[in-house]
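Okay, here's what each chain looks like letter by letter:
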Amino acid sequence: MAHPPVQNPDRALPAGSPPPTGTEATPDPGVNGYPGADGPPAGHSRRGRRRGASRGSPAGSVDDAARWRADTGPFGDWQHDSGAWSEDWVSWLRAGHRQRLAAPGRGDDGSAAFQDRREGAGAAVRDRRPGAGSAPGPDWREDTATGELSATGEWTRAGRARAGHQVAVEPVAPAPAAQPPDRAPARAVLPRLLAGVRPDGRSLGLDEHLRKYGPLPARQRGPDERLLRQVADSRLRGRGGAGFPVEAKMRAVLAARGHTVVVANGAAGDPLSEKDTFLLTRLPHLVLDGAQVAAAAVDARQVLLYVLARPQVYGAVERALAERHRGRMDAVPVRLLPAPDRYVAGESSAAVHHLSGGPPLPLFQPPHTAAHGVKGRPTLVQNVETLANLGLLARYGPDWFRGVGTADEPGSLVITVRGAVPRPVVVELPVGATVEQALVGAGWLTEAAGGILVGGCFGRWLPAAAAPSVPLSHAGMAGVGGTLGAGVVVALPDRACGLRETARIARYLAGESSGQCGACVNGLPAIAGALTALAESHADGPTVQRLYRWCGMVAGRGACRHPDGVAGLVASALGVFAEDVGRHLAGGCAHPLPNVLPVPAPAPASARPPRPRAAT
Amino acid sequence: MSRAQPSSRAQPSGRAQPSSRLLLRVDPISCDGHGRCAELLSEVISLDDWGYPMPITAELPPQLEAHARRAARACPTLAITLERQRRRRAPEDGPRR
């Protein structure tokens with residue numbers, strides 16, 4: 001099933017000039033610029049302050065140094081999607097500085113078309129947001145301001161434990177739990193999941209977590225119908241990539257017989273995505289709260305935490321669990337189990353297979369894991385971001401939850417933005433925010449982009465000129481033949497060759513195949529080999545034809561979606577980098593920069609699991 | 001692990017109804033690419049470049065049901081599953097190994 005290649009009118013998306021500095025054309029003197037392509041000026045805080053006292057911030061004293069700091073993690077830079085910060089960006093963009101987006105020597109036509117598209121998409125996104133009128137500024141950006149203020153102010157305030165480990169609830173960024181239910185839900189604020197991320201990069205402790213988000217509502221005995229209704233009303237969809245409605249999954253689990261199990265899947269092995277690792281290391285209690293909520297909804301007897309066996313991630317979760325154990329936070333017992341650091345180990349049936357005592361390899365479905373999961377029990381497998389959303393949903397209710405996002409897909413997305421951006425970040429954006437907003441969240445581009453990869457290793461390339469206007473939602477991505485995948489936006493620098501990078505990803509993914517299905521075992525190495533030959537400019541026309549044919553041939557023919565992902569990625573690369581395909585066929589390549597994407601080298605054949613024989 | 005339904009369920013009346021078509025699925029994990037199914041059921045199953053079956057449709061026309069059962073039986077790895085579209089007992093579809 002070949003994906004429709006998106007034709008690319010102008011390949012390169014210009015990087016534009018650096019953002020406005022504090023002195024230049026900035027309406028708000030409290031907002032600094034942030035480093036452009038050349039990095040921060042010496043002596044200046046690396047990350048710019050985004051809001052100052054001039055906005056009437058009670059927490060204006062919380063300054064750059066407290067807010068941001070150099071990070072020790074592997075993914076150093078992070079950031080809430082600050083509304084004010086991007087607001088300034090967007091207003092700057094809208095205020096007639098657009099021509100700066102055009103690269104020098106580029107015609108006006110291209111840039112104008114790009115702007116028009118972007119404006120149109122932006123308007124469409126805004127209109128779908130409840131309460132958004134035709135005002136020039138989108139409302140969530142302003143809303144974020146309040147949310148972030150309390151987020152920063154919260155750190156300086158000392159909350160007191162009420163009794164035992166129950167901590168007094170202060171009215172915090174999201175809707176306060178103490179609010180009467182008949183009142184209108186509090187205004188939607190955007191850094192909602194990431195509101196509690198500590199600026200110093202450590203994970204949020206239990207006390208701070210409870211101060212920040214409030215206590216979890218008491219659970220009922222048996223399946224919690226009220227909770228299920230809340231989940232249904234929120235229209236929350238899974239954030240692991242497939243976007244399956246959470247409530248439907250819960251109902252399927254409840255419909256099956258037996259003691260149910262909840263699996264918190266924190267084993268997403270996509271090397272381009274950092275969001276799961278980020279959530280588990282920074283906000284483990286939010287994820288663990290969500291696991292308890294999910295367990296309450298489906299009346300589970302056990303929660304299994306399936307977490308990548310990387311010391312940093314595993315250790316953070318281990319510490320959080322010990323803290324919760326001391327505080328008797330978990331009504332349902334939680335077991336922490338390591339997941340091997342392999343790509344397919346994060347697939348839900350592979351997780352279930354591994355947790356049942358088998359190898360971490362996907363299973364042939366049906367029976368689905370919902371009915372027949374860990375050791376034959378009905379099993380609810382949810383991604384950690386989904387669980388974090390559940391943790392907030394149980395606190396603040398579905399009306400609050402729907403306060404951001406589109407009507408069909410409410411809520412927010414945690415997006416990893418990397419590549420040719422000044423600061424690779426994990427941002428939280430409303431569903432339906434455009435790729436441009438994600439890039440703006442990372443400081444736009446350091447140089448002209450040749451293509452945007454959305455969705456991670458299993459994502460799709462989008463042409464750089466058209467990508468910024470594409471909304472980050474399942475519907476929006478489906479509209480351009482893409483996928484939301486693991487919530488990744490990668491800007492490929494124009495100096496790097498998209499075909500070569502895609503070939504690297506394809507080789508990596510071919511090596512990560514579990515080696516079970518014929519289409520994957522034979523097809524992926526064939527695709528990766530042909531693409532590598534093309535990228536190294538010793539392929540001929542029939543090779544490209546074979547690539548297309550094989551991409552159509554392997555899609556949908558595995559037990560899991562591994563071959564589909566590779567096929568979609570490669571087919572989209574052939575479409576988006578069509579010019580380069582021609583150039584490579586002629587024996588040349590115009591993009592010298594090698595190895596841009598942080599994709600590991602393919603696993604050696606000896607490290608791959610032997611293909612297991614069918615046991616029955 | 002062939003889940004070929006017993007032929008007693010394939011009543012002539014059910015065969016005529018389009019709602020109770022026989023569904024053919026190939027378990028890609030079990031399949032080793034022996035290619036016998038493509039010999040016995042070439043109307044529905046073709047082989048890819050590496051000799052693994054590619055069913056062009058899951059729904060079998062009624063006149064091919066007998067051939068499909070033969071192909072399912074002939075599969076050395078028992079990778080072919082045949083089942084009625086309208087399933088009676090969804091959860092108890094045999095224990096998953």
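When its secondary structure is counted, chain B shows three helices and five strands. Counting across all 97 residues of chain B, residues that qualify as buried make up 28%. Taking contacts inside chain B between residues at least 6 apart in sequence as the whole, the part at least 24 apart equals 66%.

Take the sheet that holds strand 1 (residues 22–26) of chain B next. All names here are of chain B. Strand order in the open sheet made by the three strands is 4-1-5, with antiparallel pairing throughout. Edge strands, defined here as strands with exactly one partner in the open sheet, are strand 4 (59–60) and strand 5 (80–84). With five bridges joining them, strand 1 and strand 5 adopt antiparallel strand pairing. Across the sheet, residue Val26 finds its bridge partner in strand 5, namely Ile80. Contacts from helix 3 (residues 65–74) reach strand 1, strand 4 and strand 5 within the one sheet, and its direction differs from that of strand 5 by about 140°.

The subject of this paragraph is the packing of helix 9 (residues 284–298) of chain A against helix 10 (residues 311–326) of chain A. Residues and elements named next belong to chain A. Look at helix 9 against helix 10: their axes get within 9 Å of each other, and the N-to-C directions meet at 65°. Of the two elements, helix 9 crosses helix 10, and the hand of that crossing is right-handed. Taken together, the residues of helix 10 that come into contact with helix 9 (itself represented by Pro284, His285 and Leu288) are Ala316, Val317, Ala320 and Arg324.

Take unusual backbone geometry next. Residues and elements named next belong to chain A. The phi angle at Arg235 is positive, at roughly 55°, despite the residue not being glycine. Judged by the 19 C-beta atoms lying within 10 Å of it, Arg235 falls in the partly exposed class. Positive phi, close to 65°, is recorded for Ser537, a residue that is not glycine. A tally of 16 C-beta atoms within 10 Å means that Ser537 is categorised as partly exposed.

Rules of the game
Residues numbered from 1 in each chain as written. Chains lettered and ligands numbered in written order. Predicted model: local features only at pLDDT ≥ 70, side-chain atom pairs only at ≥ 80, totals over all residues. Helix = DSSP H or I, 4+ residues; strand = E, 2+ residues; numbered from the N terminus. Buried ≥ 20, exposed ≤ 12 C-beta atoms within 10 Å, placed from the backbone. Contact = placed C-beta atoms within 7 Å. Pairing = 2+ DSSP bridges. Axes fitted to C-alpha atoms, helices over the stretch in contact; angles between N-to-C directions. Left-handed = near helix turned anticlockwise from the far one by under 90°.

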